[in-house]
Amino acid sequence: MSEIALRTITGVLMILTALTAEWFGGTAFAILVAGAATAIYYEWAKMVRGWGLKWHLCGFVFALLPALSLLWVRERAGNPPGSEGFELVLWAFIVTWSADIGAFFTGRTFGGPKLAPTVSPNKTISGLVGGLIAATLLGGIWAQSQDLHLAWLWLAPLFAFAAALGDLFESWMKRQAGVKDSGRILPGHGGVFDRLDGLVPVAVLTAVGVMAGLS
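The name given to the protein chain in an unreviewed UniProt entry is Phosphatidate cytidylyltransferase, with the source organism recorded as Sphingomonas glaciei. According to the UniProt record, the Sequence similarities (unreviewed entry) comment for the protein chain is "Belongs to the CDS family." Its UniProt record gives the protein chain the following Subcellular location (unreviewed entry) comment, quoted word for word: "Cell membrane".

Looking at where Asp197 falls in the secondary structure, it is placed in the loop between helix H7 (192–196) and helix H8 (199–211). We note that Asp197 is buried and unpaired, the nearest opposite charge coming from Arg195 at a distance of 5.8 Å. Those residues in contact with Asp197 that sit more than four places away from it in its chain are Gly166, Asp167 and Glu170.

To continue, consider the pattern of salt bridges. This structure, assessed with the given rule, holds 6 salt bridges. The shortest N-O distance in the salt bridge between Asp167 and Lys123 comes to 3.5 Å. On the criterion of sequence distance, the pair formed by Asp167 in helix H6 (residues 151–177) and Lys123 in strand S2 (residues 120–124) is long-range, its members being 44 residues apart. Residues Lys180 and Asp181 are paired through a salt bridge, measuring 3.8 Å at the closest nitrogen-oxygen approach. Here Lys180 falls in the exposed class, since its relative accessible area comes to 70%. Note on Asp181: relative accessible area 30%, which makes it partly exposed. It is possible to trace a salt-bridge network through shared partners that takes in Glu170, Lys174 and Asp194.

The rules behind each value
Think of each chain on its own: its residues are numbered from 1, step by step along the sequence as written. In keeping with the model being predicted, local features are shown solely for residues with a pLDDT of at least 70 and side-chain atom pairs are shown and tallied solely at 80 or more, while totals for entire chains, interfaces and linings include all residues. The basis for every side-chain value is the complete set of non-hydrogen atoms in the structure, without hydrogens or water. UniProt positions are given in the numbering used here, feature names are shortened, and annotations may be inferred rather than shown by experiment. Under the scheme used here, helices are H or I runs from DSSP no shorter than 4 residues and strands are E runs no shorter than 2 residues, and both carry numbers assigned from the N terminus. The rule is simple: take the accessible area with a 1.4 Å probe, protein chains only, and divide by the maximum for that residue type; under 20% is buried, over 50% is exposed, in between is partly exposed. None of His or the chain ends enter the tally, which takes Lys and Arg as positive and Asp and Glu as negative. Whenever a carboxyl oxygen of Asp or Glu lies within 4 Å of a side-chain nitrogen of Lys or Arg, that contact is scored as a salt bridge. Throughout, a contact is declared for two residues whenever any of their heavy atoms are within 4.5 Å.

Put into structure tokens, the structure is as follows:
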């Protein structure tokens, strides 16, 4: 099986799992989020072994904060509380996923100058642009179709850029740790941290947006 086929199958299964748990919300979503946060911290801890206690503490916060953000948005967003929770969590997923997928295929198709060659040699500027465009279009379409606050339409490219920074940060960590992937649990993708590095800042920023009254 080709690498792209394996990545696609695994990616589709992950998306279906996330959507199913988010649809049911409550305990199902909490279990999924808790499991993902635990996996992120476990993979982080392996990479920073020997780096000192502060890196382990940072990893704990790095895994916990987006988990709490997603759970809070799912249960509290909207008026009455929770009325827009599903829509906004899914918006965060759409922005992150479309930015990642758009960057992957645009970068492979057009190539060009590297985005950060000393950190992640495979990432290109064209991939970043493609990811931002994909996130803006799909995130905007979802926001408009669900009658979300207009601000979410304009925040999509900014949050997609934050997702790209999250991806680069994890790439930097892996380079410092001398590993290719954060783990091996996801065929064709590596570890859970590899797949959710971009969602971490998007989840936190989405919660900030809701706290600012954008729901």
